[in-house]
Amino acid sequence: MTVTALLGLQWGDEGKGKMVDILSATTDFVVRCQGGSNAGHTVKVKGQTTVLHLIPSGVLSPQTVCVIGHGVVLDPGQFLDEVATLKEQGINTDGRLFVSDRAHVVFPFHKILDGAQEEAREGAKIGTTKRGIGPCYEEKASRQGLRVLDLLDGNRLRSRLADGAEMKKKRLTSLGADPSELANTLELYLEFGRKLAPYVADTVAMLHDAVSDDKRIFLEGAQGVLLDLDLGTYPYVTSSNTNIGGLLSGSGIPARAIDCTFGVLKAYTTRVGSGPFPTELEDEVGQRLRDRGAEYGATTGRPRRCGWFDAIGARFAVQVNGVDKILLTKSDVLSGCDEIAICTGYRLDEHVTERYPADAVALSQVEPVYETLPGWSEDISGVRAYDELPVNMRGYVDRIEELCGAPVAMVSVGPGREAIIER
Ligand code: GDP
Ligand code: IMO
Ligand code: MG
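Predicted model, so just to flag it, every value in this text is computed and none were measured.

1. Digging into the overall build of the protein chain
Part 1 of the reasoning: Regarding its fold elements, the protein chain presents 14 helices and 20 strands.
Part 2 of the reasoning: Relative to a compact globule of 423 residues, whose C-alpha radius of gyration would be 22 Å, the protein chain shows 21 Å and is just as compact.
Part 3 of the reasoning: The principal-axis extent of the C-alpha atoms belonging to the protein chain is close to 65 × 50 × 40 Å.
Part 4 of the reasoning: A burial count over the protein chain gives 59% of its 423 residues as buried.
Part 5 of the reasoning: Within the protein chain, contacts between residues at least 6 apart in sequence are counted, and of these 76% link residues at least 24 apart.
Part 6 of the reasoning: Total accessible area on the protein chain is roughly 17,300 Å²; 49% of this is exposed by carbon and sulfur atoms.
Part 7 of the reasoning: With 46 positive and 58 negative side-chain charges, the protein chain shows a spacing of 5 Å between the two charge centroids.

2. Side note on the nonpolar core
Part 1 of the reasoning: With 63 residues, the main nonpolar core has I217, L219, I253, F309, L334 and Y396 as its most contacted residues.
Part 2 of the reasoning: Residue-level mapping places this core at the junction of two domains, with at least three residues from each of domain 1 (3–99 + 200–262) and domain 3 (265–422).
Part 3 of the reasoning: Grouped together as the second largest cluster of nonpolar side chains are 33 residues, I68, L146, L161 and Y199 included.

3. Examining the site of ligand 2
Part 1 of the reasoning: Near ligand 2, the surroundings consist of 20 residues, among which D13, K16, H41, T129 and T238 are the closest.
Part 2 of the reasoning: Interatomic distance of 2.6 Å between a side-chain N/O atom of K16 and an oxygen atom of ligand 2.
Part 3 of the reasoning: Take T238: an N or O atom from its side chain is 2.6 Å from an oxygen atom of ligand 2.
Part 4 of the reasoning: Contact with the protein chains removes 98% of the 540 Å² of surface that ligand 2 exposes when unbound.
Part 5 of the reasoning: Counted by class, the shell around ligand 2 contains seven nonpolar, ten polar and three charged residues.

4. With respect to the environment of C33
Part 1 of the reasoning: Mapped onto the secondary structure, C33 falls in the loop between β2 (29–32) and β3 (41–45).
Part 2 of the reasoning: Assessed through its relative accessible area of 0%, C33 is described here as buried.
Part 3 of the reasoning: When the C-alpha positions of C33 and G221 are compared, they lie 6.8 Å apart, and in sequence the two are 188 residues distant.

5. Some thoughts on the coordination of the magnesium ion (ligand 3)
Part 1 of the reasoning: For the magnesium ion (ligand 3), every protein donor is listed as D13 (OD) and G40 (O), and the spread of their distances is 2.1 to 2.2 Å. Taken as a pair, D13 in the loop between β1 (3–8) and α1 (16–23) and G40 in the loop between β2 and β3 lie far apart in primary sequence, 27 residues in all.

6. As for the side chain of E82
Part 1 of the reasoning: Note on placement: E82 falls in helix α2 (residues 76–88).
Part 2 of the reasoning: Despite its burial, E82 pairs with no opposite charge, the nearest such side chain being R32 at 6.7 Å.
Part 3 of the reasoning: Here the side chain of E82 touches L54 through a polar contact of 3.1 Å, landing on its backbone nitrogen.
Part 4 of the reasoning: Excluding residues that lie within four positions of it along the chain, E82 makes contacts with L52, H53, L54 and I55.

7. Observations regarding the site of ligand 1
Part 1 of the reasoning: What surrounds ligand 1 is a group of 19 residues, the closest being K16, G17, T42, D332 and S412.
Part 2 of the reasoning: Between T42 and ligand 1, the recorded distance is 2.5 Å, taken from a side-chain N or O atom to an oxygen atom.
Part 3 of the reasoning: For ligand 1, an oxygen atom lies 2.5 Å from a polar atom in the side chain of S412.
Part 4 of the reasoning: Considered on its own, ligand 1 offers 580 Å² of accessible surface; in the complex 92% of this is hidden by protein.
Part 5 of the reasoning: For the shell around ligand 1, the secondary structure elements donating two or more residues are α1 and β3.
Part 6 of the reasoning: No other element matches α1, which puts three residues into the shell around ligand 1.

8. Concerning helix α3 (residues 108–120)
Part 1 of the reasoning: Helix length check: α3 (13 residues) gives 18 Å between terminal C-alpha atoms against 18 Å at 1.5 Å per residue, within 8%.
Part 2 of the reasoning: Buried positions along α3 lie against β8 (104–105), α4 (133–141), α7 (165–174) and α8 (185–196).

9. A closer look at the pattern of salt bridges
Once their charged atoms are close, side chains differing in charge can pair, the charge on each being opposite to the other.
Part 1 of the reasoning: Taken as a whole and judged by the stated rule, the model has 24 salt bridges.
Part 2 of the reasoning: D28 serves as the salt-bridge partner of R216, at 3.2 Å between the closest nitrogen and oxygen. Here R216 is found in the loop between α9 (203–212) and β10 (217–220), whereas its partner D28 is found in the loop between α1 and β2, with 188 residues between them in sequence.
Part 3 of the reasoning: Ionic pairing is found between D94 and K87, a salt bridge with its closest N-O pair at 3.8 Å.

10. Here's the deal with the sheet that holds strand β15 (residues 325–329)
Across a sheet, paired strands are connected by hydrogen bonds in the backbone, their directions being either parallel or antiparallel.
Part 1 of the reasoning: Strand order in the open sheet made by the ten strands is β9-β7-β5-β2-β10-β1-β11-β15-β19-β20, with mixed pairing throughout. The open sheet terminates on both sides in strands that have one partner only, identified here as β9 (200–201) and β20 (420–422).
Part 2 of the reasoning: Across three bridges, the pairing between strand β19 (residues 408–412) and β20 is antiparallel. Each residue of the ladder has a partner; that of S412, found in β20, is I420.

11. Observations concerning the domain arrangement of the protein chain
In many reports, interface size means the accessible area that the parts give up when they come together.
Part 1 of the reasoning: Partitioning the protein chain into structural domains gives domain 1 (3–99 + 200–262), domain 2 (104–195) and domain 3 (265–422).
Part 2 of the reasoning: Using C-alpha coordinates to define each centre, domain 1 is positioned 24 Å away from domain 2.
Part 3 of the reasoning: The interface of domain 1 with domain 2 comprises 23 residues on the first partner and 20 residues on the second.
Part 4 of the reasoning: Here domain 1 packs against domain 2, burying approximately 1,600 Å² in sum over the two surfaces, 66% of which is carbon and sulfur.
Part 5 of the reasoning: Between domain 1 and domain 2 we count one salt bridge in total.
Part 6 of the reasoning: A salt bridge links K111 to D75; its shortest N-O distance comes to 2.8 Å.

12. Focus: unusual backbone geometry
Part 1 of the reasoning: Of note, the amide linkage connecting Y234 to P235 takes the cis form, showing an omega dihedral of 5°.
Part 2 of the reasoning: Looking at the element boundaries, P235 is found in the loop between β10 and α10 (244–249).
Part 3 of the reasoning: A positive phi angle is found at D214, which is not glycine, with a value near 60°.
Part 4 of the reasoning: Mapped onto the elements of the fold, D214 is located in the loop between α9 and β10.
Part 5 of the reasoning: Backbone geometry places A294, a non-glycine residue, at a positive phi of 50°.
Part 6 of the reasoning: When you line up the elements, A294 lands in the loop between α11 (284–292) and β13 (305–307).

What counts, and at which threshold
Residues numbered from 1 in each chain as written. Chains lettered and ligands numbered in written order. Predicted model: local features only at pLDDT ≥ 70, side-chain atom pairs only at ≥ 80, totals over all residues. Heavy atoms only, no water. Helix = DSSP H or I, 4+ residues; strand = E, 2+ residues; numbered from the N terminus. Rg over C-alpha atoms; globule rule 2.2 N^0.38 Å. Buried < 20%, exposed > 50% of the residue type's maximum accessible area, 1.4 Å probe, protein only. Contact = heavy atoms within 4.5 Å. Areas by Shrake-Rupley, 256 points an atom, 1.4 Å probe, with all protein chains shown as cover. Lys, Arg positive; Asp, Glu negative; His and termini not counted. Charge placed at Lys NZ, Arg CZ, Asp CG, Glu CD. Core = buried A, V, L, I, M, F, W, Y, C linked by side-chain atoms within 4.5 Å. Domains from an automatic or database assignment. Near = heavy atom within 4 Å. Polar contact = N/O pair within 3.5 Å; in protein donor to acceptor, adjacent residues only side chain to side chain. Nonpolar A, V, L, I, M, F, W, Y, C, P; charged D, E, K, R; others polar. Donors = N, O, S within 2.8 Å, 3.2 Å for Na, K, Ca; no water. Salt bridge = Lys/Arg side-chain N within 4 Å of Asp/Glu carboxyl O. Expected span 1.5 Å × (residues − 1). Pairing = 2+ DSSP bridges. Buried area = accessible area lost by both parts, 1.4 Å probe.

So this is what it looks like as structure tokens:
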């Protein structure tokens, strides 16, 4: 195998970090391709928990080269903090961590604007992570953004920051935000440029060479397909393409190099922030999932909204990405449920559809059509062989496979690296 891709198939937080840590242990490169520090990927090894926002989750394997591709929007302060935290944990990144010279840079302006826009939004807020992701991608798309390579040249950075500075101040002021916080941006980012320099590389050329040399490359998706800018529940989405296309365009890897696309599905559904969620449970069952699954955001600490597995959304995500294999996480959280429901259709105005609607308003109005399966009472967190899982749990996995249209290749039964069952 040369290139393997891994995507979240719901609204993020499916357990991608854990699965990347396991599956990339034998690869040469692990690459983040899109998103930014809105991501929070948790890896748990021997009781030690590490949450990664920008650095690929393969960093815990000492031989793996970690690449932040040009599709990522890079917050340099966050990046340097993460490197320092890893060092404190005894994880050395020297000589094996690279940042694309083409990656766009998140500035304080983007983060302040993100927060101020959310505050100013009348009606439904998106509930962003306030990491400046949307405003940074907005400048990229309007061809005004600054890239990592611009940080390496002090004069260029000075003149580029001066361009449009007044407009930026006015924009913040009009939203009631305080532009004085931008005062030391130049000095701060000149310093970031110096500190970032050893990590900066032409990662397109690096990955091209790696593909040519038959190196094993793992592409780590962030967020989830239902948060995709084009395919997700727009406007309640993130500002990047979280689908397979985003992983290719954000890394520079050619499509034909991909051998296998993994899709990670949580055994139930969660969502952070606003937006339609047909199977949401705002009752004690939902609270039980949140408690047992420790469903609190790895980036913002916000409680995650919880609900039953939605096979309509999951199948849509499998189809639009051509997912080869499903990785099912957090099924241990469902232990003790007498019955487990799966959404197999959406009812709207007496009409039932199995298609994922484009319209977020329609999706917020549908009533889920449920199929109910018997649950299991056993604690499965110590099980390591598929055949030893309770028969009802295996029945649940079979049904997910059938409804989603792809095989379940691995089942995760706990947060730790060891809590994994191959099928
Ligand atoms: P990501 O963004 O997709 O990497 O997921 P997060 O790290 O944001 O959230 C997943 C959470 O579930 C983390 O706290 C993981 O440690 C945890 N986790 C992952 N897989 C499992 C599992 O199979 N069972 C349980 N109980 N927890 C898991
Ligand atoms: P990982 O990689 C879950 C959500 C936010 C918000 C919307 C837009 O850990 O799965 P943004 O800050 O991106 O403009 O916010 O997207 N969101 C995530 N939800 N997991 C994530 O990443 C997310 N990244 C963004 O909560 O609803
Ligand atoms: Mg997460």
